[in-house]
Amino acid sequence: ITLHLALTRLEIPSILFEKVGPDEERDPGADLALWPGPQSILQALEVGRGNDFWKNDLYPINKVFMNATNAQGHLEKLKEIDMAQVCQLTDKKFSLVSRGKLMKAIYAAVPKENLRQGNVVELEDEVCSVKIRLSDGEAFEGALAVGADGIRSVCRKYVSIKKCDNEIRNGGEVCYRGIIDLKRESPDSKLLHLFQEKEKNEPNSMSINYGKGIRFSWGYIDSAKSQGYWFVKQLVEKEKKTDREYFDSWPEPLLSFAKHNYKGIYKHSIQDRKPLEKWSGRRIVLIGDACHAVTPNNGQGACMAIEDAFVLAVLLRRYWNERDGYVEAMYEFESARKSHAANIYKESYKQMKIGQLNSGFGVRLRECVLKMVPASVLQRKLRSCNVFDVEQWVGEYENLRSKCR
């Protein structure tokens, strides 16, 4: 959707095919992280302009606390991360946002005339054009097809060399997450009081809490303090067969959260897929999870998709009027994004495995290392791995768009 919006702004005609129709209700999802780069991109695309999205619907994070759960079930602070130092090269803050509110803001900025409902089942990557066939038999032809269809991408097989492609990798853990509508809580609600107390003690912060084979987080997800988020990432245990068995093993307040919005819990197995060596074919190019699906430990899945889309759109506009310019655009797109995607893929998987430690020795080692390593070292690591410099791309976008007007 971000690519379609960017191409529209840059006056490159495009059609967006989605499984959900333009007028149908979309799954709101749960929580997302927004690093500074994607925020700059969305603001350049005028997402949220004219309303209070950027003021009320994001929850900026100043501090991240890494905590351990002790034998009594209480949290002990291991490390405090200053996110201003992590994001020091930008004027934006690392933030949390509801996926539903973010998607609503993006869709509000997109012209509706070229949104189509359709499930792509087949592509023909030819010399002079690419053909797309939908599940209902309808076909379309164009100069370029972009696959943004996730970890199980249909488009991926038309780009990858099958024997060199990698299968989806199971991370060995399951994630439960939910959103709590705090506006519906009564003033004396225990849940509402929990969120208020956390904000009072640790304002504009996020806590990552580690236990044996489990890590969890909860807090506000918007500046208006109308919604709260929670998530639990837990090592898969063979003896636990049902969700209820997992819930019953959780400490409070997680068990209360699960009971509160039991029907609204999002559950998924954590998976990733090694980035492809080549992200494009003759006239097909992949972005986001379709070519570099990562585990959700650095808050980068949606962010990388937004960055991919924007960089590709700028490059397509740069070379659009040149003969076979799309070839150069795809080549430079891969050059600009591959290294960053590879770093996120490796680092996110490593962080997941560190979080999964469940032996007594492994847990003590993790706690010891987190206590000993200086916060400045972790902050530099987070910055070098997660912060992608989008300013040159935003600058070129503004220049190219001024020429389109």
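Use the structure listed above.
What you see is a predicted model, and the numbers here were worked out from it, not measured in a lab. Each chain carries its own residue numbering, running from 1 in the written order of its sequence. Reporting of local features is limited, given that this is a predicted model, to residues whose pLDDT is at least 70; pairs of side-chain atoms are given and counted only at 80 or more, and all residues count toward the totals for whole chains, interfaces and linings. Each side-chain value is derived from all of the structure's non-hydrogen atoms; neither hydrogens nor water enter the calculation.

Caption draft 1: Layout of the sheet that holds strand E4 (residues 63–69). Any two strands with at least two DSSP-identified bridges between them are counted as paired. The way it works is that DSSP assigns letters per residue, a run of H or I at least four long becomes a helix, a run of E at least two long becomes a strand, and they are numbered from the N terminus. If you trace the seven strands from one edge of the open sheet to the other, you get E5-E4-E13-E14-E15-E12-E16, paired in mixed fashion. Either end of the sheet is taken by a strand with one partner, and the two such strands are strand E5 (75–82) and strand E16 (266–272). In this sheet, neighbouring strand axes are inclined to one another by 20° on average, regardless of whether the strands run parallel or antiparallel. Contacts from helix H6 (residues 190–201) reach strand E12 (169–181), strand E13 (205–211), strand E14 (214–220) and strand E15 (227–235) within the one sheet, and its direction differs from that of E14 by about 90°. To get an axis, fit a line to the C-alpha atoms, keeping to the stretch in contact for a helix; angles then go from 0 to 180 degrees between the N-to-C directions. Should any heavy atoms of two residues lie within 4.5 Å, those residues are considered in contact.

Caption draft 2: View of a nonpolar patch on the surface. Only residues above 30% relative accessible area that lack a salt bridge enter a patch, with like-charged residues linked at up to 9 Å and the nonpolar side chains Val, Leu, Ile, Met, Phe, Trp and Tyr linked at up to 5 Å. Using a 1.4 Å probe, accessible areas were evaluated by the Shrake-Rupley method; residue-level cover was limited to the displayed protein chains. Any Lys or Arg side-chain nitrogen located within 4 Å of an Asp or Glu carboxyl oxygen qualifies as a salt bridge. A grouping of Phe 361, Leu 365 and Val 369 is seen on the molecular surface, where their side chains present a nonpolar patch of about 290 Å² in accessible area. By the element assignment, Phe 361 lies in helix H12 (residues 360–372). Whether a residue is buried, partly exposed or exposed follows from its accessible area with a 1.4 Å probe, protein chains only, as a fraction of its type maximum: under 20%, in between, or over 50%, in that order. Judged by relative accessible area, which is 59%, Phe 361 ranks as exposed.

Caption draft 3: Quick peek at the environment of Lys 353. Structurally, the position occupied by Lys 353 is in helix H11 (residues 325–355). Given a relative accessible area of 34%, Lys 353 falls into the partly exposed group. With 309 residues separating them in the primary sequence, Lys 353 and Ala 44 have C-alpha atoms 36 Å apart. N or O atoms within 3.5 Å of each other form a polar contact, as long as, within protein, one can give a hydrogen and the other can take it, and as long as residues adjacent in sequence are counted only when both atoms are side-chain atoms. At 3.1 Å, the side chain of Lys 353 and the side chain of Gln 356 are in polar contact.

Caption draft 4: Quick peek at the sheet that holds strand E2 (residues 31–34). Strand order in this open sheet of three strands is E2-E6-E3, and the pairing throughout is antiparallel. Looking at the sheet topology across the chains shown, the edges are occupied by E2 and strand E3 (58–60). Across this sheet, the average inter-strand angle for adjacent strands is 30°, counted without regard to direction. Across three bridges, the pairing between E3 and strand E6 (residues 95–98) is antiparallel. If you follow Leu 58 over to E6, its bridge partner there is Val 97.

So yeah, pure geometry; function would need other evidence.
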